[in-house]
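Understanding the architecture of this molecule
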Amino acid sequence: MTPGRATLSWEEKSPSDFVSAVDRASEERIAATLGEHLPDARLVGEEGSPDLDRLANGVVVVADPLDGTTNFLHGFPAYAVSVGVLVDGSLRAGAILDVTRDEIFTAVAGGGAWCDGAPIRVSSIDVPARALIGTGFPFKHVELIEPYMKQLPGIMAATSGVRRAGAAALDLAAVACGRFEAFWELMLQPWDLAAGLLLVREAGGVATDLSGAPARVAAGPLVTGNPAIHRWLLDHLTRTA
C-alpha cells in the first residue's frame, strides 16, 4: 500500500461497503464541473446525492465517483470513475475512466462507443467454450449468495473462465470492447451501470435484466454481452433460478 493510501481514513457505509475522502472529493469535482458546464443538470451520485427519484425528468447526470472503492483502498488496480447522462429518463451519453490504465471509454446515443477515441465493438465469439465471462459477487446482499452459487458452477464448466475484478463499470467497458463476451451481477445500483449500459449497446451488445427485458438505469440485476453469449448466459441463469 502506498503511503498516501495507508493514511487514508475509511468509513463503513454498510458491511463490506466503504467510502473514503477520495470518493467524496471526486463527486465534489464532478458536481463543480457540472455547475460550470451544465448548470441546469441534476446530479445523482453515489456518495452525496443518491436520490433515485430524480432520474425521470430533465438532464440528470448519474455518477459513481469511485467505482471499486475497496480495490482502491487496498491498492488493487481496478477502479474507475463512471458518468452517465440521461435526458428525460433516456440515456444519451456516458463515460468511464479506467484510472490505472488511463483509458477513457465514451458513448453517445446513436453515435457508437469509443476507447481513447477509437471505435469499439463487442466480441464476435459466439461459442460458450471460448467465452470469458465477467461477474460480480453479491457481497453487499448476502441473501443473494445462495442463488448466485447455484448459477456459478454451470457457467464455470461451460466457458473458458469467469473473472471478478470488483468494479462493475470496468466490467461493462470490458464487454463493450470485447475483453469479456458477457457479464452478469444480481444487484447493481444506477451509478454502477448508467454509463456502461450505453457503452455496451452502442458497441453492438445486449443488456437486460434476468427476465430478458431491456435493462434500465435502476437498481437490480444485470446481464450483458454480445448477442450470442448474452442469449446463452441468460438462458443458463433462467434455468438455474
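Quick note: structure is the one above.
Residues numbered from 1 in each chain as written. Predicted model: local features only at pLDDT ≥ 70, side-chain atom pairs only at ≥ 80, totals over all residues. Heavy atoms only, no water.

1. Description of the overall build of the protein
Within the protein, the regular secondary structure consists of seven helices and 14 strands. Within the protein, the fraction of its 241 residues that count as buried is 48%. Taking the intrachain contacts of the protein between residues at least 6 apart in sequence as the baseline, contacts between residues at least 24 apart amount to 59%. Accessible area for the protein stands at about 11,100 Å²; split by element, carbon and sulfur atoms hold 56% of it. (Helix = DSSP H or I, 4+ residues; strand = E, 2+ residues; numbered from the N terminus. Buried < 20%, exposed > 50% of the residue type's maximum accessible area, 1.4 Å probe, protein only. Contact = heavy atoms within 4.5 Å. Areas by Shrake-Rupley, 256 points an atom, 1.4 Å probe, with all protein chains shown as cover.)

2. Quick word on helix α5 (residues 168–176)
Counting buried positions along α5 gives nine out of nine residues, so the element sits mostly inside the fold. Restricting attention to buried positions, one finds in α5 the residues Ala168, Ala169, Leu170, Asp171, Leu172, Ala173, Ala174, Val175 and Ala176. Phi for glycine 178, located one or two positions after α5, is positive at around 85°.

3. Observations regarding the packing of aromatic side chains
Here the structure, examined in full by the defined rule, presents three aromatic pairs. Considering the side-chain rings of phenylalanine 72 and tyrosine 79, the 5.2 Å spacing of their centres and the 85° angle between planes classify their relative orientation as edge-to-face. Per residue, the accessibility class of phenylalanine 72 equals that of tyrosine 79, and both read buried. Consider the rings of tyrosine 148 and tryptophan 184, whose centres lie 5.6 Å apart with planes at 20°: the pair is stacked. Of this pair, tyrosine 148 sits in helix α4 (residues 145–158) while tryptophan 184 sits in strand β12 (residues 182–188), and the two are 36 residues apart along the sequence. Each member of the pair, tyrosine 148 as well as tryptophan 184, is classed as buried. Every member of this aromatic cluster is reached through a ring pair, and the members are Phe137, Tyr148 and Trp184. (Phe/Tyr/Trp six-rings, centres within 6.5 Å; stacked < 30°, edge-to-face > 60°.)

4. Re the pattern of salt bridges
If you walk through the whole model with that rule in mind, you get three salt bridges. A salt bridge links aspartate 98 to arginine 101; its shortest N-O distance comes to 3.6 Å. Classification of aspartate 98 by relative accessible area gives buried; the value is 5%. The class of arginine 101 is exposed, set by a relative accessible area of 54%. One salt bridge connects arginine 239 with aspartate 235, and the closest N-O pair in it is separated by 2.3 Å. Residue arginine 239 and its partner aspartate 235 are located together in helix α7 (residues 227–239), separated by four residues, close to a single helical turn. (Salt bridge = Lys/Arg side-chain N within 4 Å of Asp/Glu carboxyl O.)

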